[in-house]
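Overview (structure and organization)
Chain by chain, the residues:
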Amino acid sequence: MNDNEITAPTNFIRQIIDRDQASGKHGGRVHTRFPPEPNGFLHIGHAKSICLNFGIARDYPGGMCNLRFDDTNPHKENQEYVDAIKADVRWLGFDWEQRLFYASDYFEQLHGFAVELIEKGLAYVCDLSAEETRRYRGTLTEPGMPSPYRERSPAENLDLFARMKAGEFEDGARVLRARIDMAAPNINLRDPTLYRIRHGVIHHQTGEQWCIYPMYDFTHPISDALEGITHSLCTLEFEDHRPLYDWVLDNISIDCHPQQIEFSRLNLQYTVVSKRKLTQLVSEGHVDGWDDPRMPTIAGLRRRGYTPAAIRTFCERIGVTKADNSVEMGILEACIREDLDAHAPRAMAVLDPLKVILVNYPEGVVEELQAPCHPKDEGMGSRTLKLTREIYIDRADFREEANKKYKRLVSGGEVRLRNAYVIRADQVIRDAGGEIVELRCSYDPATLGANPEGRKVRGVIHWVSASEGLPAEVRLYDRLFNNPTPDGDRTVASFLAHINPDSLRVVRTAVVEPSLAGATPGEHYQFEREGYFTPDGRSDDGRLVFNRTVTLRDSWARIEQTV
RNA sequence: UGGGGCGUCGCCAAGCGGUAAGGCACUGGGUUUUGAUCCCAGCAUUCGUAGGUUCGAAUCCUGCCGCCCCAGCCA
């Protein structure tokens, strides 16, 4: 393989499409769709589907991808979710152009196809209760029993279905069912429900126009066909539904038959990617909302400081297969570090301040120093640092004694202040309790942009002026769960048992360099030696607030443990 | 014990009968005013397993084992 060759995304679905293109299937068209149900926020698993569907549309000549809300269950859905989903898809960098659809756009047509099935004797109105229906369905190993209403005439079914639509029956009193095979080994084919009655709900798109709502298995294939979808991509759990998808299209008068292809959903370690569980985290207050930076939602990742490019890279890296998977967080983290390392301007922030007085530095002087915003990208310009007699360094960057592996400040030792001078620790000041409260250091005026002669400094540490620095609140996030598969543990009652109590640490004492005064949400910074951070508005008392996106890789952490 | 899927390095994943890509992680070494980045090197005689077909099998066939999904008037 050539060095410069970029491996284009390849997966079994694209291979199928390649073959279809070669054979002229679908007239050479490639048309996909992303069909979320607006009953929650999009999460990283949806991002995989979005990147797959929109990515295919982008990469094939004339390819298109629709955004379609699968809104057939008004009970759980609402406009807030519709709006959030649209915003998230756009933010991820994808465009459905003029093709924004709702399954509810097709309610009239769907109804017409249901009537057609009834007329053909392929659907019937069933009066069994939900409970009875379940009993009649049989089990995984035993065939079901035909409903007593299965042999109703088309005329009677037509009449009953019309009255269902007219609102004559209560919720649950009757349903419309496909008439397929009650003994089918595939349970989905045992006369599945096509329509149910739902009174008193206001659908976010159709209001109170309907009191009967079509089921997914009936709606989805028809919606796909109506939109001219060529490849209908969905997750593995729908594999068993494919015969039904095909049955619907084979038995109604429609001239398009998309191909359903299933792929495995994403499982991300140390989190949950199930809308039900994410909803529970939000509704029970375990997190602050759908956009809590610990959530694997698109909104949460955005607020955490993830970029669309990083998420897209991630989706490309994890690939698309039919194998069950459990993706390590490390892959997602590597993607965001890669993006931010190249694009985030650098800054200095001290999270756990320890005051340092530069005893030989003049009082009252504010020295302006220029520092590059990026060590490798001069185009990113520079910012002004302000050095004063009193500064802060991080408590972890000083030790009274340490072996040679410790490359920071030690008593009597020298270290460089990043982008500034070399200093030497001369004296440690303690409070009554013996805790170190201040360091007296001397700086070497000859070391600005130059190494000291004849000596070697141990390392480089970051700092912020005590008087010129800005107070800030920094939120340090960790994994939301302390178990790699919180929802796969059958020994606990609920995945909630694995919530990490330390997933959020709020640091209110941080001080950041003055150039960050105008930092705004949506920006990304690398706080040197600390990690990547993104502004998150202001605290109640007006302090800057930063969310930690991800730490820097830290090989010292490992070394330190072995010392 | 019905039906549908899946099993290639710690994780993800190429491979599609010609003799195991790549990424993440990990381990060494180099550069470095971020213990970051970057660079260089190492990291599956083996593809769930047992047979078979073949000059040749991760790729084809058969058996076995393991894991996932399905009994909503959810999607």
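This structure is a prediction, so every number in the text was calculated from the model and none was measured. (Residues numbered from 1 in each chain as written. Chains lettered and ligands numbered in written order. Predicted model: local features only at pLDDT ≥ 70, side-chain atom pairs only at ≥ 80, totals over all residues. Heavy atoms only, no water.)

1. Focus: the pairing of strand β26 (residues 531-538)
The side chains of a regular strand alternate between the sheet's two faces. Most of β26 sits inside the fold, with six of its eight residues counted as buried. As paired strands, strand β25 (residues 525-527) and β26 are joined by three bridges and run antiparallel to one another. Across the sheet, the residue bridging to Q526 is Y532, located in β26. Linking β25 to β26, which pair antiparallel, is a turn of three residues; within it R529 sits at a positive phi near 70 degrees. (Buried < 20%, exposed > 50% of the residue type's maximum accessible area, 1.4 Å probe, protein only. Helix = DSSP H or I, 4+ residues; strand = E, 2+ residues; numbered from the N terminus. Pairing = 2+ DSSP bridges.)

2. Regarding the sheet that holds strand β4 (residues 123-126)
Strand order in the open sheet formed by four strands is β4-β5-β6-β7, and the pairing between neighbours is antiparallel. Each end of this open sheet is capped by a strand with a single partner; those strands are β4 and β7 (212-214). With strand direction ignored, the average angle separating the axes of adjacent strands in the sheet is 20 degrees. As defined by bridge partners, strand β6 (residues 193-197) adjoins β7 across three bridges and the pair is classed as antiparallel. Its bridge partner lying in β7, Y195 is registered against P214. Docked against the sheet, helix α6 (residues 154-165) engages β4, β5 (175-178), β6 and β7, running at close to 60 degrees with respect to β4. (Axes fitted to C-alpha atoms, helices over the stretch in contact; angles between N-to-C directions. Contact = heavy atoms within 4.5 Å.)

3. Focus: the packing of helix α1 (residues 12-23) against helix α2 (residues 44-59)
Running from amino to carboxyl end, α1 crosses α2 at an angle of 35 degrees, the nearest separation of the two axes being 12 Å. Considering only the axes of α1 and α2, their crossing is right-handed. Between α1 and α2, the contacting residues are I13, R14 and I17 on the first element and L52, G55, I56, R58 and D59 on the second. (Left-handed = near helix turned anticlockwise from the far one by under 90°.)

4. Quick look at the protein's contact with RNA strand B
Around RNA strand B, the surrounding shell holds 68 residues, and the nearest of these are T72, L128, R346, R418 and Q526. Side-chain polar atom of D324 to a sugar or linking oxygen of RNA strand B: 3.2 Å apart, as the coordinates give it. Within the contact set of RNA strand B, a base nitrogen lies 2.7 Å away from a backbone nitrogen or oxygen of K405. Secondary-structure elements contributing two or more residues to the surface near RNA strand B are α5 (130-136), β6, α11 (308-318), α12 (329-343) and α13 (555-562). The leading source of residues in the surface near RNA strand B is α12, at four residues. (Near = heavy atom within 4 Å. Polar contact = N/O pair within 3.5 Å; in protein donor to acceptor, adjacent residues only side chain to side chain.)

5. So, the nonpolar core
Counting 38 residues, the largest nonpolar core has I44, I50, F54, V89, L268, I311 and F314 as the members making the most contacts within it. Broken down by secondary-structure element, the contributors of at least two residues to this core are α2, β2 (64-69), α3 (79-91), α10 (298-304), α11 and α12. Considering every element that reaches this core, the biggest residue donor is α2, with six residues. With residues near it in sequence (within four places) discarded, I44 still touches L266, L268, V273, P296, I298, L301, I311 and F314. Grouped together as the second largest cluster of nonpolar side chains are 36 residues, F113, A123, I197 and C256 included. (Core = buried A, V, L, I, M, F, W, Y, C linked by side-chain atoms within 4.5 Å.)

6. Focus on the sheet that holds strand β1 (residues 31-34)
With parallel pairing, the three strands of this open sheet are ordered in space as β1-β2-β3. The open sheet has two edge strands with one neighbour each: β1 and β3 (100-102). Across the sheet, the mean angle separating the axes of adjacent strands is 35 degrees when strand polarity is ignored. With three bridges connecting them, β2 and β3 associate as parallel partners. Residue pairing in the sheet places R68 in a bridge with F101 of β3. α2 rests against β1 and β2 of the sheet, and its axis sits at about 160 degrees to β1.

7. A short note on the pattern of salt bridges
Here the structure, examined in full by the defined rule, presents 44 salt bridges. For D59, the salt bridge identified is with R14, shortest N-O distance 2.9 Å. Separated by 45 residues along the polypeptide, D59 in helix α2 and R14 in helix α1 bring together distant segments of the chain. Classification of R14 by relative accessible area gives buried; the value is 9%. For R475, the salt bridge goes to E473, with nearest N and O atoms at 3.1 Å. E473 shares its class with R475; the two are buried. Three or more residues joined by partner-sharing salt bridges are found here, namely D291, R303, E473, R475, R508, D536, D541 and R543. (Salt bridge = Lys/Arg side-chain N within 4 Å of Asp/Glu carboxyl O.)

8. Comments concerning the domain arrangement of chain A
We note that the domain assignment places domain 1 (13-263) and domain 2 (347-471) within chain A. Each of domain 1 and domain 2 has a C-alpha centre, and these two points are 63 Å apart. (Domains from an automatic or database assignment.)

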